[in-house]
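Structural overview for review
Each chain, written out:
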Amino acid sequence: MENERDGLASPRVSKSTDSQKKQTQNTEELRVAARPSLLRFRATIIDSMEKQLERRIGDFYAQEIANTTWAFAKAGHLDAQLFAAFARVAERRVDDFNSQSLANTIWALAKVDKLDTPLFAVLARAAERRLEEFNPQNLANTAWAFATVGREAPALFDAVAAEAAPRLRQFNPQGLANTAWAFATVNRADEKLFAALARAAERRVSEFNAQNLANTAWAFATVKRPDEKLFTALATVKASRLG
């Protein structure tokens, strides 16, 4: 009590605070202990879904096929047998796909690195016929997808170049960088497209992230079109971020 007489209160630990801390600790311990069981439960549910999908995928409408393929790819659940089933059905039903379903399926199969050569040949021809209906993101994603799986598809890339060049103002920075990267990856140095890409990228370069900057510079250097104004803009932005 000496401290209290001197005006200095003895420190006291709140019972309620102590209780709250213990409760929080117990909750976290329970969560950690339960995590393996939850993961096993999640894996069981997904495995069950996959088996059902493999058996019933042939009954899906075209949009349902595309949406399911996209969802599993987006979630990073890359079961080879399931995507083989998606690919078989997509090849049979490709003429039923609308432009968005077609673009989503192409992107998803590339995302899981599912190169089914006959299927991608079918998808390329289908995409060529529908490119006018593709929005800017679909155009960029389609070029990216075919380049990612190493499928050159010259006729498709020529068609994408002709469709994309006058619409590049509508592309976001990621779309511009991905389009440049895709065409350089398959060695399609379309003069009009790269000239238009240079001007579009120059206008949006301040919005590019580090990967967009690197991919764009690499693409233009690879196709031997080092546009002076664009490279100056790329260098300026890069330097400003390095401080």
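Our structure is the block above this text.
Our subject in this report is the structure included herewith. These numbers come from a predicted model, not from an experiment.

Each value, and the rule that gives it
Residues numbered from 1 in each chain as written. Predicted model: local features only at pLDDT ≥ 70, side-chain atom pairs only at ≥ 80, totals over all residues. Heavy atoms only, no water. Helix = DSSP H or I, 4+ residues; strand = E, 2+ residues; numbered from the N terminus. Buried < 20%, exposed > 50% of the residue type's maximum accessible area, 1.4 Å probe, protein only. Contact = heavy atoms within 4.5 Å. Areas by Shrake-Rupley, 256 points an atom, 1.4 Å probe, with all protein chains shown as cover. Axes fitted to C-alpha atoms, helices over the stretch in contact; angles between N-to-C directions. Left-handed = near helix turned anticlockwise from the far one by under 90°. Nonpolar A, V, L, I, M, F, W, Y, C, P; charged D, E, K, R; others polar.

So, on to the overall build of the protein chain. Check the secondary structure of the protein chain and you find 12 helices and 0 strands. Secondary structure elements of the protein chain occur, N-terminal to C-terminal, as α-α-α-α-α-α-α-α-α-α-α-α. Considering the protein chain as a whole, with its 243 residues, one finds that 40% of them fall into the buried category. Once local pairs closer than 6 in sequence are excluded, the contacts in the protein chain between residues at least 24 apart make up 72%. For the protein chain, the exposed surface amounts to about 14,200 Å²; the carbon and sulfur share of it is 51%.

With that settled, the discussion passes to the packing of helix H5 (residues 99–111) against helix H7 (residues 136–148). Two elements in contact, H5 and H7, have axes whose closest approach is 9 Å; the angle formed by their N-to-C orientations is 35 degrees. Of the two elements, H5 crosses H7, and the hand of that crossing is left-handed. Residues Ser99, Gln100, Ala103, Ile106, Trp107, Ala110 and Lys111 of H5 pack against Asn138, Asn141, Thr142, Trp144, Ala145, Phe146 and Thr148 of H7. When its residues are assigned to classes, the contact of H5 with H7 shows 7 nonpolar, 6 polar and 1 charged.

Here we take up the environment of alanine 162. With respect to the secondary-structure elements, alanine 162 resides in helix H8 (residues 154–164). Residues alanine 162 and leucine 131, spaced 31 residues apart in sequence, show a C-alpha to C-alpha distance of 9.8 Å.

Turning our eyes to something else, we now look at unusual backbone geometry. Look at alanine 153: it is not a glycine, yet its phi comes out positive at around 45 degrees. Within the fold, alanine 153 resides in the loop between H7 and H8. The backbone phi angle of lysine 224 is positive, close to 60 degrees, even though this residue is not glycine. In this structure lysine 224 comes out as exposed when scored by relative accessible area, which is 70%.

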